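Each chain, letter by letter, is given below.
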Amino acid sequence: MKIGFVTDSTAYLPESMRAEFDIEVVPVQVVIDGKAYDEVSEISANVVTQALKHGKKVTTSRPSSAEFISAYERLLTRGYEQIVSVHLSSELSGTYESALLAVAKSELPVRVIDSRTIALAMGFPLVGGARLARTGSSIDDVEDYIRSRCERSAIIFYVESLEFLKRGGRITAIQSRIGTALSLKPLLNLVDGQIVSRELVRNSQKALARLVEIASAVGAEPCEIAIMHVEASASAHELANQISEKLKGVEVSVVPAGAVVGAHLGPGALALVISPLGSTD
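Remember, it's a predicted structure, so these values are computed and weren't measured experimentally.

**Student:** Help me out: how do you make sense of the sheet that holds strand 11 (residues 223-229) in this one?
**Tutor:** Sheet architecture is open: six strands sit in the order 10-9-8-13-11-12, paired in mixed fashion. Two strands bound the open sheet, and with one partner strand each, they are strand 10 (194-201) and strand 12 (252-256). Each strand axis lies, on average, 25 degrees off the axis of its neighbour in the sheet, ignoring direction. In terms of strand pairing, strand 8 (residues 154-158) meets strand 13 (residues 270-276) through five bridges, oriented antiparallel. Looking across to strand 13, one finds that Ile-155 is bridged to Val-273. Packing against the sheet, helix 9 (residues 204-216) makes contact with strand 8, strand 9 (185-191), strand 10 and strand 13, and its axis sits at approximately 5 degrees to strand 13.

**Student:** Help me out: how do you make sense of the side chain of Ser-137 in this one?
**Tutor:** Its location among the elements puts Ser-137 in the loop between helix 5 (120-134) and helix 6 (139-152). Residue class for Ser-137 comes out buried when judged on its relative accessible area of 17%. Within the local environment of Ser-137, its side chain forms a polar contact with the backbone oxygen of Leu-132, the two atoms lying 3.4 Å apart. Ignoring anything within four residues of it in the chain, the contact list for Ser-137 reads Ile-3, Leu-132 and Val-142.

**Student:** How do you make sense of the nonpolar core when you look at a structure like this?
**Tutor:** Across soluble globular proteins, nonpolar side chains have a tendency to be buried as a group. One finds Phe-5, Val-84, Ile-118, Ile-146 and Ile-155 to be the most contacted residues of the largest nonpolar core, which totals 58 residues. The element contributing the most residues to this core is helix 5, with nine residues. Once residues within four sequence positions are removed from consideration, Ile-146 is found in contact with Phe-5, Val-84, Val-86, Ile-113, Pro-125, Leu-126 and Gly-129. The next biggest cluster of nonpolar side chains, apart from the first, holds 24 residues, and it includes Ile-156, Ile-214, Cys-223 and Ala-236.

**Student:** Just to check I follow, could you spell out the sheet that holds strand 2 (residues 24-26) for this structure?
**Tutor:** Ordered by their spatial adjacency, four strands build an open sheet running 2-1-6-7, and the pairing between neighbours is parallel. If you trace the sheet from one side to the other, it starts and ends with strand 2 and strand 7 (110-114), each paired once. Averaged over neighbouring strand pairs, the angle between their axes works out to 20 degrees when direction is ignored. In this structure, strand 1 (residues 3-8) lies alongside strand 6 (residues 82-87), joined through five bridges in parallel fashion. Of the residues in strand 6, the one forming a bridge with Val-6 is Ser-85. Here helix 3 (residues 65-77) sits on the sheet and contacts strand 1, strand 2, strand 6 and strand 7; the angle it forms with strand 6, its principal contact strand, is near 140 degrees. Helix 5 contacts strand 1 and strand 6 of the sheet and is inclined by roughly 170 degrees relative to strand 1.

**Student:** Is there a simple way to think about the packing of helix 3 against helix 4 (residues 95-106) in this case?
**Tutor:** When two helices pack together, their arrangement is given by the angle between the helix axes and the distance between those axes. Where helix 3 meets helix 4, the closest approach of the two axes is 8 Å, and the angle between their N-to-C directions is 65 degrees. You can see that helix 3 and helix 4 cross each other, and the crossing is right-handed. Contacts from Ser-65, Phe-68, Ile-69 and Tyr-72 in helix 3 reach Thr-95, Ser-98, Ala-99, Leu-101, Ala-102, Val-103, Lys-105 and Ser-106 in helix 4. Tallied by class, residues from the contact of helix 3 with helix 4 come to seven nonpolar, four polar and one charged.

**Student:** How should I be thinking about the layout of surface pockets in this particular structure?
**Tutor:** Which parts of space are left empty comes out when a probe the size of a water molecule is rolled across the atoms. Approximately 290 Å³ is the volume attributed to the largest pocket. Ser-115, Arg-116, Cys-150, Glu-151 and Ser-153 are, among the 19 residues lining the largest pocket, the residues nearest its centre. Within the residue set of the lining of the largest pocket, elements represented by two or more residues are strand 7, helix 6, strand 8 and strand 9. The biggest single contributor to the lining of the largest pocket is helix 6, with four residues. Looking at the lining of the largest pocket residue by residue, the class counts come to seven nonpolar, five polar and seven charged.

**Student:** Help me understand empty space enclosed by the protein in this model?
**Tutor:** All told, the structure shown has one cavity of 30 Å³ or more when counted by the stated rule. In this structure, the largest cavity occupies an estimated 60 Å³ of space. Around the largest cavity, the lining residues are Ala-119, Ile-155, Phe-157, Met-228, His-229, Val-230, Ala-257, Val-261, Leu-265, Ala-269, Leu-270 and Ala-271. Only strand 8, strand 11, helix 11 (259-265) and strand 13 provide two or more residues apiece to the lining of the largest cavity. Broken down by class, the residue content of the lining of the largest cavity amounts to 11 nonpolar, one polar and no charged.

**Student:** Sorry, what's going on with the packing of aromatic side chains here?
**Tutor:** When we look at a pair of aromatic rings, we describe it by the centre distance and by the angle of the planes. According to the stated counting rule, one finds one aromatic pair in the structure shown. Seen in terms of ring centroids, Phe-68 and Tyr-72 are 6.1 Å apart; in terms of plane orientation they differ by 35 degrees. Their pairing is tilted. With Phe-68 and Tyr-72 both in helix 3, this residue pair falls four residues apart, about one helical turn. Exposure remark for Phe-68: the relative accessible area of 0% places this residue in the buried category. Here Tyr-72 falls in the buried class, since its relative accessible area comes to 0%. The ring centre of Tyr-80 lies 4.5 Å from the NZ or CZ of Lys-2, which sits over that ring.

Cut-off values and rules
- Residues numbered from 1 in each chain as written.
- Predicted model: local features only at pLDDT ≥ 70, side-chain atom pairs only at ≥ 80, totals over all residues.
- Heavy atoms only, no water.
- Pairing = 2+ DSSP bridges.
- Helix = DSSP H or I, 4+ residues; strand = E, 2+ residues; numbered from the N terminus.
- Axes fitted to C-alpha atoms, helices over the stretch in contact; angles between N-to-C directions.
- Contact = heavy atoms within 4.5 Å.
- Buried < 20%, exposed > 50% of the residue type's maximum accessible area, 1.4 Å probe, protein only.
- Polar contact = N/O pair within 3.5 Å; in protein donor to acceptor, adjacent residues only side chain to side chain.
- Core = buried A, V, L, I, M, F, W, Y, C linked by side-chain atoms within 4.5 Å.
- Left-handed = near helix turned anticlockwise from the far one by under 90°.
- Nonpolar A, V, L, I, M, F, W, Y, C, P; charged D, E, K, R; others polar.
- 1 Å grid on protein atoms, 1.4 Å probe; cavity = no way out; pocket = protein on both sides within 12 Å on 5 of 7 lines; lining within 4 Å.
- Points joined across faces, edges and corners; volume = space filled by probe spheres on them.
- Phe/Tyr/Trp six-rings, centres within 6.5 Å; stacked < 30°, edge-to-face > 60°.
- Lys NZ or Arg CZ within 6 Å of the ring centre and 35° of its normal.

Laid out in structure tokens, this is it:
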């Protein structure tokens, strides 16, 4: 049976990937001073970071179940018979819940996956699943592949300040004050779907060096690797080049994060994504 794919905008898939695999993307919204904007078409990370710098209230909002139903129905009208819908961690957003509600309301043939991660740490597994589906694999095998690869994928964040994560409720005020008081730069990662502190480093240069060390530890294991950034293109490319040199020419993608991640991480943030390939890749 022909399998179609849906994700939300926080996967940050490059347009070429979305088009190649005909992936439907449901937008998460960013809300600035009470006004909601569609992440896909109405707002950029730059607009969000400027709003944050000017002290405006910035939050995010999940898509409605109706938006998911529309996305699923579009795929069905294009000839897909089953759908896999992959979304950012339910610990960070209600997006997964909205997708489940859409399936419950519509009784459409959809498998909904809580990736327990975000950005390309779910985007790479999703695209791998789409490739697997094209070989004629069953929806059970595709779902198992995506879940397994999401679980094995890692995303490590470097942020200039913990202030924006605190504002968004993603960390506690106490956690934010500790980092600020010690004048340290935090590295964060996702554990069981939640953002937690991985380690603290003394300055931004040491933080970038540490990300290179983490990526270099991958060794010979086949992986997809990317650097994502919030208004930090130069640093992202520098980091990608250093990692590529350490891994003897392994391609490291550089992908800008969108408005939703920008709202929570703030300007200058970087994220290292490491997604080990499966045995079927």
